[in-house]
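Architecture and fold: a report
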Amino acid sequence: MQCQECGKRPATLHFTKIINGEKTEFHICEACAREKGEMIPGTTGGFSIHNLLSGLMDFHPGAQGQSASIKQQEKVRCEECGLTYSQFSKIGRFGCSSCYKYFNDKLDPLFKRVHGNTVHVGKVPKRAGGHIQAKRKLDDLRRELQQRILHEEFEEAAALRDQIRELEKNIPAE
């Protein structure tokens, strides 16, 4: 796709602006984006996925100010390669496979913020995944049943229990 502004260079930045409910899409090159002032605020020299991730990783709910956050990041260090969490947040990648183990307590909250969950469930093809979809539906119903019981909504819980039993009959045992 070519830049909508100059028509010369390939469009590398794709913006969607919503102003007063009206959606406008822009596909422009970095040079035109700089000229128009369309770069992401706070980034120097253009958009960087590392800057985006760095901004997400610097969020520490328990930290008291920026200096406490930086001190906390410097304490967490991979014992294999010596990478600190602060360095990881700047470069956006680990130094070795052991970093996952040493930064684990900081990664779960990050994944939850970025992806909405810490468990990857993937997608299931509609035509070929009937059995898997039924099992997921069963798991969802069981979770909802537990919530209904906790909130003492026993009539709704009984209806869910009946749905679960019906689904269990239709799913062959493994």
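Scoring rules and cut-offs
- Residues numbered from 1 in each chain as written.
- Predicted model: local features only at pLDDT ≥ 70, side-chain atom pairs only at ≥ 80, totals over all residues.
- Heavy atoms only, no water.
- Salt bridge = Lys/Arg side-chain N within 4 Å of Asp/Glu carboxyl O.
- Buried < 20%, exposed > 50% of the residue type's maximum accessible area, 1.4 Å probe, protein only.
- Helix = DSSP H or I, 4+ residues; strand = E, 2+ residues; numbered from the N terminus.
- Expected span 1.5 Å × (residues − 1).
- Arc of directions from axis to C-beta.
- Contact = heavy atoms within 4.5 Å.
- UniProt positions renumbered as here; feature names shortened; annotations may be inferred.
- Phe/Tyr/Trp six-rings, centres within 6.5 Å; stacked < 30°, edge-to-face > 60°.
- Lys NZ or Arg CZ within 6 Å of the ring centre and 35° of its normal.

**Observations regarding the pattern of salt bridges**
Summed over the entire model, instances satisfying the criterion amount to seven salt bridges. For E25, the salt bridge goes to K23, with nearest N and O atoms at 3.7 Å. On the basis of relative accessibility, which here comes to 56%, the residue K23 falls in the exposed class. In this structure, R161 engages D162 in a salt bridge whose closest nitrogen and oxygen atoms are separated by 3.2 Å. By relative accessible area, which is 36% here, R161 ends up partly exposed. Members of the salt-bridge network, linked through shared partners, are D139, R142 and E168.

**Section: helix 7 (residues 130-150)**
In this model, helix 7 (21 residues) spans 30 Å end to end at C-alpha, consistent with the 30 Å of a helix rising 1.5 Å per residue. Along helix 7, the positions that sit buried rather than exposed are A134, L138, L141 and L145. The buried residues of helix 7 occupy one face: seen down the axis, they fall within an arc of 65°. When the buried face of helix 7 is taken as reference, the exposed residues oriented beyond 90 degrees from it are R143 and L150. The elements touched by buried residues of helix 7 are helix 8 (154-170). Count one or two residues on from helix 7 and you reach E152, which has phi positive near 55°.

**Observations concerning the UniProt feature "domain: UVR" (unreviewed entry) in the protein**
Feature annotation in UniProt places "domain: UVR" (unreviewed entry) on residues 135-170, given in this structure's numbering. For the annotated span residues 135-170, helix accounts for 92% and strand for 0% of the residues, and the straight-line distance between the end C-alpha atoms is 10 Å.

**Topic: the packing of aromatic side chains**
Centre distance and the angle of the planes are the two values used to describe a pair of aromatic rings. Taken as a whole and judged by the stated rule, the model has three aromatic pairs. Judged by centre distance (4.5 Å) and plane angle (75°), the rings of F94 and Y100 are edge-to-face. Relative to F103, the ring of F94 lies with its centre 5.7 Å away and its plane at 25°, an arrangement referred to as stacked. Taken as a pair, F94 and F103 share a single burial class, namely buried. Through pairs of rings, three or more aromatic residues link up here, namely Y85, F94, Y100 and F103. Here the basic side chain of K106 rests over the ring of Y85, its NZ or CZ set 5.2 Å away from the ring centre.

**Considerations on the environment of Q163**
Residue position: Q163 is located in helix 8. Expressed as a C-alpha distance, the spacing of Q163 and R142, which sit 21 residues apart in the sequence, is 9.8 Å.

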